Amino acid sequence: MTLEHKRTDFAEDFLFGVSTSAYQIEGHSFGGAGPTHWDTFAATPGNVVNAENGDVACDHYHRWAEDLDLVAKGNFDVYRFSASWARVMPDGRKVNPEGLDYYDRLIDGMLERGIKPALTLYHWELPAALSDLGGWRNREIASWFADYAETLMARIGDRVWSTATINEFWCVSWLSHFLGHHAPGLRDVRAAARAIHHVLLAHGTATQALRAQGVGNLGAVFNLEYSQPADDSAEAQAAAARYDAIYNEAFLGPVFKRAYPESLLEGLGNHLPNGWQNDMDVISEPVDWVGINYYTRKLIAQAPGPYPSLTEIDGPLPKTYMGWEIYPQGLESFLKRVAENFSGDLPLYVTENGMAAPDPLVDGAIDDQDRIAYFDAHLSSVRNAIAAGVPVKGYFAWSLLDNYEWAFGYDKRFGLVHVDFDNLERTPKASYHAFRDSLSRA
Ligand code: IFM
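Attention in this report is confined to the structure presented alongside it. Since the model is a prediction, treat every value here as computed from it, not as a measurement. (Residues numbered from 1 in each chain as written. Predicted model: local features only at pLDDT ≥ 70, side-chain atom pairs only at ≥ 80, totals over all residues. Heavy atoms only, no water.)

## Let's talk about the overall build of the protein chain
(1) Moving on: When you go through the protein chain residue by residue, the secondary structure sums to 15 helices and eleven strands.
(2) Moving on: Over its C-alpha atoms the protein chain spans a radius of gyration of 20 Å, differing by no more than 12% from the 22 Å that the globule rule assigns to 442 residues.
(3) Moving on: Dimensions of the protein chain along its principal axes, counting C-alpha atoms only, are 55 × 55 × 45 Å.
(4) Moving on: For the protein chain, with 442 residues in total, the buried portion stands at 61%.
(5) Moving on: Restricting the contact set of the protein chain to residue pairs at least 6 apart, pairs at least 24 apart contribute 77%.
(6) Moving on: Working note: accessible area of the protein chain is about 15,900 Å², and carbon and sulfur atoms make up 49% of it. (Helix = DSSP H or I, 4+ residues; strand = E, 2+ residues; numbered from the N terminus. Rg over C-alpha atoms; globule rule 2.2 N^0.38 Å. Buried < 20%, exposed > 50% of the residue type's maximum accessible area, 1.4 Å probe, protein only. Contact = heavy atoms within 4.5 Å. Areas by Shrake-Rupley, 256 points an atom, 1.4 Å probe, with all protein chains shown as cover.)

## A word on the packing of helix 7 (residues 141–156) against helix 9 (residues 189–213)
(1) Moving on: At a closest axis distance of 8 Å, the pairing of helix 7 and helix 9 adopts a crossing angle of 35°. Where helix 7 crosses over helix 9, the handedness of that crossing is right-handed. Each of Ile141, Ala142, Phe145, Ala146, Ala149, Glu150, Met153 and Ala154 in helix 7 lies in contact with helix 9, whose residues at this interface are His198, Leu201, Ala202, Thr205, Ala206, Ala209, Leu210 and Gln213.
(2) Moving on: Within the contact of helix 7 with helix 9, the residues separate by chemical class into twelve nonpolar, three polar and one charged. (Axes fitted to C-alpha atoms, helices over the stretch in contact; angles between N-to-C directions. Left-handed = near helix turned anticlockwise from the far one by under 90°. Nonpolar A, V, L, I, M, F, W, Y, C, P; charged D, E, K, R; others polar.)

## Thoughts on the packing of helix 3 (residues 60–73) against helix 5 (residues 97–112)
(1) Moving on: The geometry of helix 3 relative to helix 5 is characterised by a closest axis approach of 10 Å and an angle of 10° between their N-to-C directions. As far as their axial angle goes, helix 5 and helix 3 are roughly parallel. Note on element contacts: helix 5 touches helix 3 through Glu98, Tyr102, Arg105, Leu106, Gly109 and Met110, opposite His60, Tyr61, Trp64 and Leu68.
(2) Moving on: Grouping the amino acids of the contact of helix 3 with helix 5 by side-chain chemistry returns six nonpolar, two polar and two charged. (Parallel < 35°, antiparallel > 145°, perpendicular 65-115°, else oblique.)

## Overview of the nonpolar core
(1) Moving on: Formed by 137 residues in total, the largest nonpolar core has its most connected members in Tyr79, Trp85, Tyr103, Trp136, Leu152, Phe222 and Leu335.
(2) Moving on: Those residues in contact with Leu152 that sit more than four places away from it in its chain are Ala83, Val88, Leu100, Tyr103, Leu119, Leu121 and Gly157.
(3) Moving on: Counting eight residues, the second-largest nonpolar core is a separate cluster that includes Leu15, Val78, Ala118 and Phe396. (Core = buried A, V, L, I, M, F, W, Y, C linked by side-chain atoms within 4.5 Å.)

## Some points on the site of the ligand
(1) Moving on: Contacts to the ligand come from Gln24, His123, Trp124, Asn167, Glu168, Tyr295, Trp324, Glu352, Trp398, Glu405, Trp406 and Phe414.
(2) Moving on: Within the side chain of Trp406, one N or O atom sits 2.8 Å away from an oxygen atom of the ligand.
(3) Moving on: For the ligand, whose accessible area on its own is 280 Å², the fraction buried by protein is 95%.
(4) Moving on: At a threshold of 2 Å from the grid points, most atoms of the ligand map onto the largest pocket.
(5) Moving on: Split into classes, the residues belonging to the shell around the ligand amount to six nonpolar, three polar and three charged. (Near = heavy atom within 4 Å. Polar contact = N/O pair within 3.5 Å; in protein donor to acceptor, adjacent residues only side chain to side chain. 1 Å grid on protein atoms, 1.4 Å probe; cavity = no way out; pocket = protein on both sides within 12 Å on 5 of 7 lines; lining within 4 Å. Sits in = over half its atoms within 2 Å of the grid points.)

## Description of the state of the cysteines
(1) Moving on: Summed over the entire model, instances satisfying the criterion amount to zero disulfides.
(2) Moving on: Its sulfur unpaired, Cys58 is 19 Å from the next cysteine sulfur, which belongs to Cys171.
(3) Moving on: For Cys171, a relative accessible area of 5% puts it in the buried group. (Disulfide = S-S within 2.5 Å.)

## Here we look at the layout of surface pockets
(1) Moving on: Reported here for the largest pocket is a volume of approximately 890 Å³.
(2) Moving on: What lines the largest pocket is a set of 41 residues, among which Trp170, Leu175, His181, Tyr247 and Lys298 lie closest to the centre.
(3) Moving on: Counting residues per element, the ones that place at least two in the lining of the largest pocket are helix 8 (169–177), strand 5 (218–229), helix 10 (234–257), strand 6 (289–302) and strand 7 (310–313).
(4) Moving on: Residue composition of the lining of the largest pocket, grouped by class: 25 nonpolar, ten polar and six charged. (Points joined across faces, edges and corners; volume = space filled by probe spheres on them.)

## Structural notes on the side chain of His177
(1) Moving on: With respect to the secondary-structure elements, His177 resides in helix 8.
(2) Moving on: Ignoring anything within four residues of it in the chain, the contact list for His177 reads Trp136, Arg137, Val172, Pro184, Leu186, Arg187, Asp188, Ala191, Ala192 and Ala195.

## A look at the pattern of salt bridges
(1) Moving on: With the rule as written, the count across this model stands at 32 salt bridges.
(2) Moving on: Residue Arg258 pairs with Asp281 through a salt bridge whose shortest N-O separation is 2.4 Å. On the criterion of sequence distance, the pair formed by Arg258 in the loop between helix 10 and helix 11 (262–268) and Asp281 in helix 12 (residues 280–283) is long-range, its members being 23 residues apart.
(3) Moving on: Assessed through its relative accessible area of 44%, Arg258 is described here as partly exposed.
(4) Moving on: Arg297 is the partner of Glu325 in a salt bridge, and the nearest nitrogen-oxygen pair spans 2.7 Å. Of this pair, Glu325 sits in the loop between strand 7 and helix 13 (329–343) while Arg297 sits in strand 6, and the two are 28 residues apart along the sequence. Exposure class is identical for Glu325 and Arg297. Each is buried. (Salt bridge = Lys/Arg side-chain N within 4 Å of Asp/Glu carboxyl O.)

## What to know about the pairing of strand 2 (residues 78–82)
(1) Moving on: With respect to burial, strand 2 is a largely interior element, five of its five residues being buried.
(2) Moving on: Neither face of strand 2 is exposed, since Val78, Arg80 and Ser82 on one face and Tyr79 and Phe81 on the opposite face are all buried.
(3) Moving on: Bridge analysis of strand 1 (residues 15–19) against strand 2 gives three bridges, and the strand direction is parallel. Looking across to strand 2, one finds that Gly17 is bridged to Val78.
(4) Moving on: The sheet contact formed by strand 2 and strand 3 (residues 116–122) spans five bridges and is parallel. Pairing of Arg80 across the sheet is with Ala118, part of strand 3. (Pairing = 2+ DSSP bridges.)

## Concerning the packing of aromatic side chains
(1) Moving on: Counted by the stated rule, this structure contains 42 aromatic pairs.
(2) Moving on: Taking 4.7 Å as the distance between ring centres and 45° as the angle between the ring planes, the aromatic pair formed by Trp124 and Trp406 counts as tilted. With Trp124 in the loop between strand 3 and helix 6 (128–132) and Trp406 in the loop between strand 9 (392–398) and strand 10 (417–419), the pair connects residues that are 282 residues apart, well separated along the chain.
(3) Moving on: Exposure remark for Trp124: the relative accessible area of 7% places this residue in the buried category.
(4) Moving on: For Trp406, a relative accessible area of 2% translates into the label buried.
(5) Moving on: One aromatic cluster in this structure is built from Tyr23, Trp38, Phe41, Trp124, Tyr404, Trp406, Tyr410 and Phe421. (Phe/Tyr/Trp six-rings, centres within 6.5 Å; stacked < 30°, edge-to-face > 60°.)

Shown next, in the form of structure tokens:
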């Protein structure tokens, strides 16, 4: 089966891509990379399924040429990847020349194959040495991050097509410092408030620095999750609104409107760093494009206890292997809402969308029809948004390869290409072939 949607159903300049991230695929034990807070998080019992880590991952560090061939042969226009701060600067500050050489080779490899390099500067592998100094709780991280960004871009900035500062502000802050599900695994409301503010400040500081350095096409990538009240009660509606404020408006608000949502200030205001208001000029430094990562919706109800006083309720819709409900309407709604309320005419890209499945190899093949249906349903939402006038300019599938799904280890497979984690052999799935055929220009 192929995709219902074809390249020809979109404007000539609409871009299709695949996304990955450094720690999830590269193999962090190679090439002089320094330890990251994910290594220590994974080495702490109970944090990650089977205590798995990114030491080898997909060994993309050595197999990048084969992987870029897969991107090109899949007829994708863009490869969205990230650089590892700890590979470029193992202790967060001192340069590892091997790391810079690696990203240099990778970029040239993309250009040789006619692929546009879409770089993300931070997709979560904070150098452990900076974590020791408080990581995202320390205001200094804004200038550390800008230094790293400038150093890397001095080497490869002339050849990247687009640059995103941060991938998924909510995950860097709330998921990692309040819910404790990601490194550094904190469950502390004050740490979370500080991380929210400092990740925004780091984004703005790096954006200003890179613009001054002459780097163009700068953006940021937000993971947005559609919250709905679990029932008709006023309490559930208020809880769903609080969830939306923490997940979505906490980041879109400051970047585009210089303001945190009111309900977030009521809950977290006491924990934000003193003088946070003075940072809004930096945080709202204009971006050139906006990336939206979208996967699911959540049903939310009121819960007892302190802010945010909410809980997630199991929903009735079909779910992916992550247990996430499949709700493509949420993507259409967010594309419209972001353009109308925040970004106006700026180009929007769906920078991640995809689903996990067990994906067993059967007779040497993976027939992932469920994933093809997922992509089709979400591409319909993208087309509806475009038809309504939203400037969506690209759609990137998550992910090129099965990879390290963070706290879930290697069991949750999101790839268009299957990876055997014993011998690292790559096998394109039916979904890869479906994209290849739908995107063909022949
Ligand atoms: O694997 C992650 C990725 O690192 C960030 N966005 C969501 C994906 C699936 O959970």
